[in-house]
Amino acid sequence: MAEQTKRGTNPQFFVLITVFFFWGFVAASNDILIPLFKEKFHLAQWQSQLVGFAFYVAYFVGSIIYFIVGKALKTDPLNKIGYKNGIIYGLIFSGIGTLIFYPAAELHSYFLLLTGLFVVGLGFSLQQIAANPFAIALGDPADGAKRLNLAGGINNFGTTLGPVLVSFAIFGAVSPDAAANATINSVKVPYLVVGVLFILVALFFKFSKLPAITNDEKIEGGLGALKFPQVQLGMLAIFVYVGVEVTIASNIGEYLKQTENLDSSQISHYVSLFWASMMMGRWTAGTSALNPSAQLKRILTVIVPYLAFGVYLLINYLRGSDVTDLYIYGVCIIALIIAFFLSKDQPARQLGIFAICGMMAMLLGLFTTGKVALFSFISGGLFCSVMWPCIFTLATAGLGKYTSQASAFLVMMILGGALLPLLQGTIASTSIGIHQSYWLPVFCFAYLAFFAFRVKNILKSQGIDYESAISSGH
């Protein structure tokens, strides 16, 4: 392997994290499209969830294509072309996908709009397969989880900003008239702009000084990564984690319509709050990558989530939203801070504690009503926040030359973001209703708590020190 920094963090890591921003910006914006498409195309709730299905199933299909190409080339594609080029090709492909929005809107075709989202997702799949192990490789592997948390914080700045800006671009204002006057044609320009940004970021990466990390180690035939039990259980954990993250947010719009009588233009700051909650958690976790002193770390753990909350409130205030009803959410952030102090920066412990907290939040939402239930469901974002870095680093610990292959398997299981929201939408369309459909996230968090406990013992049996060398895949 060439040009890998072994100590500290390569400064070029801060170039890499720009791509994490765009994943979040586009993925969270899907939640604005769901209620709009449901209203304009006269869809059932389960049909509206095909927006998320088209986008997230593309990760599964993209990973399958990755394996087919690898078999044809008789080598791991990213080991050959390097992580940097993988990201560049993925950005270009996603840019092409946004172009489909123009004819889709002109033809008023739901199918073509879903196709555009699918193609964008295909590009994202290659970016994800490359970027996560790349983040680990750009520095001391033992600190890989910390860098992924920091990258995740940037991702969730995108998820916070995305729904607000896209909602403004489509509706122009927060009002019932704005929602009624919006048309399918309103999505054309915002997504063409996003497409141009994808191409510009690809050029930025091309001319950046990011190292072309490759690996010339030979991989024996077959799918060797699957022989590791942490990969097998980690695949299901990623499926469940992405599924629970997306399903909570994707169904919030319908929940608000039924319980708060809000229209499509009025839900964005609640959807955005879910993704801002992810940002609060990831910004807090990401401070560890900056190696603060123990005392400063404790201070940052308290201050940073409220700083992120303040950024979210400011963005929505500048947009013209009334955010006074959201101030009480600061109480939920206290639970996040306590969870961080209990987890002690240990990936398996952190995943287990946050999964249990997520389960408790869902149960509180299920057995209450009004704003308590709403904010309980939204607070699931606080506890989902650190799960991807924890699962990814636990599942790829000690894999060596199989790390890229395992990364592709894990990205494949982003499929959960396609299937679980569809399942919850189907449950919500029955007599069970949208409120009680949130039992599904309870079971998802329960599995994640199990995975945290089980993988810790698996890694110990392999002689891996999961607390300090969990990211030692490279």
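Cut-off values and rules
Residues numbered from 1 in each chain as written. Predicted model: local features only at pLDDT ≥ 70, side-chain atom pairs only at ≥ 80, totals over all residues. Heavy atoms only, no water. Phe/Tyr/Trp six-rings, centres within 6.5 Å; stacked < 30°, edge-to-face > 60°. Helix = DSSP H or I, 4+ residues; strand = E, 2+ residues; numbered from the N terminus. Buried < 20%, exposed > 50% of the residue type's maximum accessible area, 1.4 Å probe, protein only. Lys NZ or Arg CZ within 6 Å of the ring centre and 35° of its normal. Axes fitted to C-alpha atoms, helices over the stretch in contact; angles between N-to-C directions. Parallel < 35°, antiparallel > 145°, perpendicular 65-115°, else oblique. Left-handed = near helix turned anticlockwise from the far one by under 90°. Contact = heavy atoms within 4.5 Å. Nonpolar A, V, L, I, M, F, W, Y, C, P; charged D, E, K, R; others polar. Salt bridge = Lys/Arg side-chain N within 4 Å of Asp/Glu carboxyl O. Polar contact = N/O pair within 3.5 Å; in protein donor to acceptor, adjacent residues only side chain to side chain. pLDDT = per-residue confidence, 0-100. Core = buried A, V, L, I, M, F, W, Y, C linked by side-chain atoms within 4.5 Å. Expected span 1.5 Å × (residues − 1).

**Some thoughts on the packing of aromatic side chains**
Applying the stated criterion to the full structure yields 27 aromatic pairs. Judged by centre distance (5.1 Å) and plane angle (70°), the rings of Phe340 and Phe354 are edge-to-face. Placement of Phe340 in helix α14 (residues 330-343) and of Phe354 in helix α15 (residues 347-366) is noted, with a sequence separation of 14 residues between them. A single burial state applies to Phe340 and to Phe354, both of which are buried. Connected via pairs of aromatic rings, a cluster forms that spans Phe55, Tyr56, Tyr59, Phe124 and Phe198. Over the aromatic face of Tyr102 sits the side chain of Lys188, whose NZ or CZ is 4.6 Å from the ring centroid.

**Observations regarding the packing of helix α11 (residues 229-260) against helix α18 (residues 387-395)**
At their nearest, the axes of α11 and α18 sit 9 Å apart, and the two run at 165° to each other. Taken as axis vectors, α11 and α18 run roughly antiparallel relative to one another. In terms of crossing hand, the pair formed by α11 and α18 is left-handed. In this structure, α11 uses Gln230, Val231, Gly234, Ala237, Ile238, Tyr241 and Val242 to contact α18, whose residues at the interface are Met387, Trp388, Ile391, Leu394 and Ala395. Looking at the contact of α11 with α18 residue by residue, the classes come out as ten nonpolar, two polar and no charged.

**Considering the pattern of salt bridges**
Within the structure shown, the criterion is met by four salt bridges. The salt bridge involving Lys38 is made with Glu254; its shortest N-O contact spans 2.7 Å. Linking Lys38 in helix α1 (residues 13-40) with Glu254 in helix α11, this pair joins segments that are 216 residues apart in sequence. A residue is classified by how much of its surface remains accessible, and Glu254, at 12% relative accessible area, is buried.

**Let's talk about the environment of Leu351**
The residue Leu351 is located in helix α15 in this model. Relative accessible area serves as the criterion here: at 0%, Leu351 is assigned to the buried category. Between the alpha carbons of Leu351 and Cys390 there is a distance of 6.3 Å; along the sequence they are 39 residues apart.

**Section: the packing of α11 against helix α22 (residues 439-461)**
When two helices pack together, their arrangement is given by the angle between the helix axes and by the axis-to-axis distance. Between α11 and α22, whose axes approach to 9 Å, the crossing angle comes to 155°. By the angle class used here, α11 and α22 are roughly antiparallel. Viewed along their axes, α11 and α22 form a crossing whose handedness is left-handed. Listed contacts from α22 to Pro229, Gln230, Leu233, Gly234, Leu236, Ala237, Val240, Tyr241, Val244, Thr247 and Ile248 of α11 are Pro441, Cys444, Phe445, Tyr447, Leu448, Phe451, Arg454, Val455, Ile458 and Leu459. A class-by-class count of the residues in the contact of α11 with α22 yields 17 nonpolar, three polar and one charged.

**Details of the side chain of Ser94**
Locating Ser94 in the fold gives a position in helix α5 (residues 83-99). Relative accessible area serves as the criterion here: at 0%, Ser94 is assigned to the buried category. A polar atom in the side chain of Ser94 sits 3.4 Å from the backbone nitrogen of Phe124. If near-sequence neighbours (up to four positions away) are discounted, Ser94 is found in contact with Val119, Val120, Gly123, Phe124, Gln127 and Phe198.

**Observations concerning the confidence of the model for the protein chain**
On average, residues of the protein chain carry a pLDDT of 83, and 88% of them reach 70 or more. This stretch, residues 1-8, has a pLDDT under 50; its non-local contacts, to residues over four places away or in other chains, come to 26 contacts.

**Describing the nonpolar core**
Leu16, Phe37, Val187 and Met280 are the most contacted members of the largest nonpolar core, which totals 157 residues. Considering every element that reaches this core, the biggest residue donor is α1, with 16 residues. Aside from chain neighbours lying at most four places away, what touches Met280 is Leu273, Pro305, Ala308, Phe309, Tyr329, Ile333, Leu336 and Leu382.

**Section: unusual backbone geometry**
The residue His42 is not glycine, and still its phi comes out positive at about 55°. With respect to the helices and strands, the residue His42 is situated in the loop between α1 and α2 (45-48). Despite not being glycine, His108 has its phi angle at roughly 55°, a positive value. Relative to the helices and strands, His108 resides in the loop between α6 (101-107) and α7 (110-137). On the accessibility criterion, His108 (44% relative accessible area) is partly exposed.

**Topic: helix α20 (residues 416-428)**
Quick reminder: α-helices carry 3.6 residues per turn. Residues three or four places apart thus point the same way. Compared with an ideal rise of 1.5 Å per residue, which puts 13 residues at 18 Å, α20 spans 18 Å between its outermost C-alpha atoms and is within 8% of the ideal. Among the residues of α20, Gly416, Gly417, Ala418, Leu420, Pro421, Leu422, Gln424, Gly425 and Ala428 are the ones counted as buried. Taken together, the buried residues of α20 touch α2, α3 (50-73), α11, α21 (433-436) and α22.

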